[in-house]
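Analysis of the macromolecular model
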Amino acid sequence: MAQLWGGRFTKETDRNVYLFNASIDFDKRLYLQDIEGSIAHSIMLEKQGIITLEEKDAIVKGLRSIRDDVENGSLEITDEYEDIHSFVEANLIQRIGDAGKKLHTGRSRNDQVALDMKLYVRSEILEIDSLLYEFQKILYRVMEENLDTFMPGFTHLQKAQPVTLAHHLGAYFEMLRRDRSRMKDIYQRMNTCPLGAGALAGTTYPLDRSYTASMLGFEMPTFNSMDSVSDRDYVIELMAALSTVMMHLSRFSEEVILWNSNEYGFVEIDDAYSTGSSIMPQKKNPDIAELVRGKTGRVYGHLMAILTTMKGIPLAYNKDMQEDKEGAFDAIDTVKECITMFMQMVDTMKFRKDVMKDSANKGFTNATDAADYLVKRGMPFRDAHSVIGRLVLTCLEKGKSIDEMTIEELKEISDVFEEDVYDAVSMKTCVEKRLTIGGPAPEAMKKVLENYEKYLKEPFFAKENYNLGGDIL
Ligand code: ARG
């Protein structure tokens, strides 16, 4: 049990209390952020004349050697330490002696952990964004190849009007676009540096907070030290945005599961991305999609957990806030894994164009267009709606689709029908005439794809455009 704070205690901490209190098990993944923040802090302390050049050099060298040894496996982060901050500081003191004891001057673990978590979350936001970007590129490719792959569009899970596969997938492209803009938004709002806030009330040392902020790639220091150590809004915002990403993936999963079923047969998931049954030899199950759908619940759970944890916390730091980490880490890991698996599954999935087209032909998806045909010949829409309703009923009795009805049969329902109706209600016409912006017509979709192409060429969130610090490591 290595602690930073034994002085005012006369007894050892109870072993179980120590373990209950400790966070090393999960905050060990912040070792790099902790070391980076400490290097920045020590460089600033020296610049401000608070420690000497020799002390600073020893600290920086010592911290880098800790990083190297953790990375090459010769130094293990064990639960002998309370948290990652204690681990780094204790090891530093072991390595460089007294100079190491000066590192924590003008700093508290409260601003330290706030910084570590911000550094971690900030770079994960970029990781998640770049995965969403990869997924968009896959969708773009499938869309480009399927501008005229007709399929039924559904409302209430009932065939409604014909669309194309490109159009259907475009809806997900848009969802991902919003997801990515949420990432950017959170990033920009959180990009202020809490280091130097101390325990809660700043410090009497003449720290240069702007200097540490810029070394660590932040836009500026935070403006209120009490808020700095107790703000976890950015974790909440990220959990909310990740919940939305999962909601999108889960809806997509649901569609893949349906489409992959024997009844739909719209897609075939690649063998490498599906699994079998231990008893039923014929099965090929969409487990990836089901797991993504299932894991959505767990990410939502982390959002509720952190919201609930934060709601009763008086200013400023309270230990409750240590609970921000496990959920956030798990949500981030889960979402990254889900996007990766899901997009690879989509990338390798076979879209069965004939089945889709056949299905679009069968469900009266051209009924609205048939009504529009009558409207264009002078019939009020409400009357046309009723005529086509009767037509559909007759079709159902005869087991035919609208375009399989003879002109005589059609004329029995309304004498407004002429030979040109067949062209007007053909799948091709139904889709190709839906030219409104955002509609499924290949011509309309082409314009949208041109826009997407530009968007994908200039990913507004390209990593190289963002300063993530790290130079001092
Ligand atoms: N492990 C703590 C956390 O994650 C670090 C901060 C501890 N600060 C304190 N005053 N106990 O929040």
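Look a little higher up for the structure.
Residues numbered from 1 in each chain as written. Predicted model: local features only at pLDDT ≥ 70, side-chain atom pairs only at ≥ 80, totals over all residues. Heavy atoms only, no water.

With that settled, the discussion passes to unusual backbone geometry. Residue Ala 316 is bonded to the preceding Leu 315 through a cis peptide linkage, with omega at 0°. Inspection of the secondary structure assignment puts Ala 316 in the loop between helix H11 (287–311) and helix H12 (324–348). Phi is positive for His 156, which is not a glycine, with a value near 55°. The residue His 156 is located in the loop between strand E1 (150–155) and strand E2 (158–164) in this model. Judged by relative accessible area, His 156 falls into the exposed class, the value being 76%. Even without a glycine there, the phi angle at Phe 364 is positive, about 55°. By the secondary structure assignment, Phe 364 is in the loop between helix H13 (353–362) and helix H14 (367–376). (Helix = DSSP H or I, 4+ residues; strand = E, 2+ residues; numbered from the N terminus. Buried < 20%, exposed > 50% of the residue type's maximum accessible area, 1.4 Å probe, protein only.)

This paragraph deals with the site of the ligand. Around the ligand sit Ser 23, Asp 27, Asp 83, His 85, Arg 109, Asn 110, Val 113, Tyr 317, Gln 322 and Lys 325, and those are all the residues in its vicinity. Between the ligand and Asn 110, the relevant distance is 2.9 Å, taken from a nitrogen atom to a side-chain nitrogen or oxygen of the residue. One of the side-chain nitrogen or oxygen atoms of Gln 322 is found 2.7 Å away from a nitrogen atom of the ligand. Burial of the ligand by the surrounding chains reaches 87%, relative to a free accessible area of 340 Å². Among the elements that take part in the shell around the ligand, helix H6 (residues 109–145) stands out by supplying 3 residues, more than any other. (Near = heavy atom within 4 Å. Polar contact = N/O pair within 3.5 Å; in protein donor to acceptor, adjacent residues only side chain to side chain. Areas by Shrake-Rupley, 256 points an atom, 1.4 Å probe, with all protein chains shown as cover.)

The subject of this paragraph is the pattern of salt bridges. Scanning the entire structure with this criterion turns up 35 salt bridges. Measuring nitrogen to oxygen at the nearest pair gives 2.7 Å for the salt bridge that ties Glu 55 to Lys 102. Placement of the pair is Glu 55 in helix H4 (residues 53–71) and Lys 102 in the loop between helix H5 (84–96) and H6, with a sequence separation of 47 residues. On the accessibility criterion, Glu 55 (15% relative accessible area) is buried. One salt bridge in this structure joins Arg 109 and Glu 82, with 3.2 Å as the shortest N-O distance. One end of the pair, Arg 109, is in helix H6; the other, Glu 82, is in the loop between H4 and H5, and 27 residues separate them in sequence. Exposure remark for Glu 82: the relative accessible area of 2% places this residue in the buried category. Members of the salt-bridge network, linked through shared partners, are Glu 82, Asp 83, Arg 109 and Lys 319. (Salt bridge = Lys/Arg side-chain N within 4 Å of Asp/Glu carboxyl O.)

Quick look at the pairing of E1 now. Taken together, the 6 bridges between E1 and E2 define a ladder with antiparallel strand orientation. Across the sheet, residue Phe 154 finds its bridge partner in E2, namely Lys 159. Hairpin connection between E1 and E2: a loop of 2 residues separates the two successive antiparallel strands, and His 156 in this loop has a positive phi of roughly 55°. (Pairing = 2+ DSSP bridges.)

This part covers the side chain of Glu 409. With respect to the secondary-structure elements, Glu 409 resides in helix H16 (residues 407–413). Only 3.0 Å separates the side chain of Glu 409 from the side chain of Lys 398, close enough to count as a polar contact. Filtering out sequence-adjacent residues up to four positions away, Glu 409 remains in contact with Lys 398, Lys 400 and Glu 404. (Contact = heavy atoms within 4.5 Å.)

A word on the packing of aromatic side chains. Per the stated rule, a full pass over the model turns up 12 aromatic pairs. Here Phe 173 and Tyr 452 contribute two aromatic rings whose centre-to-centre distance is 3.9 Å and whose plane-to-plane angle is 15°, an arrangement assigned as stacked. Taken together, the positions of Phe 173 in helix H7 (residues 165–190) and Tyr 452 in helix H19 (residues 442–457) put the pair 279 residues apart, joining distant regions of the chain. Ring geometry for Tyr 373 against Phe 417: centres 6.0 Å apart, planes inclined by 10°, an arrangement best described as stacked. Of this pair, Tyr 373 sits in helix H14 while Phe 417 sits in the loop between H16 and helix H17 (421–424), and the two are 44 residues apart along the sequence. The residues Tyr 373 and Phe 417 share a single accessibility class, namely buried. Through a chain of ring-to-ring contacts, the aromatic side chains of Phe 135, Tyr 172, Phe 252 and Phe 342 assemble into a single cluster. The ring of Tyr 234 carries Lys 118 above its face, with NZ or CZ at 5.6 Å from the centroid. For the cation-ring pair, Arg 377 lies above Tyr 373, with the distance from its terminal atom to the ring centre recorded as 3.8 Å. (Phe/Tyr/Trp six-rings, centres within 6.5 Å; stacked < 30°, edge-to-face > 60°. Lys NZ or Arg CZ within 6 Å of the ring centre and 35° of its normal.)

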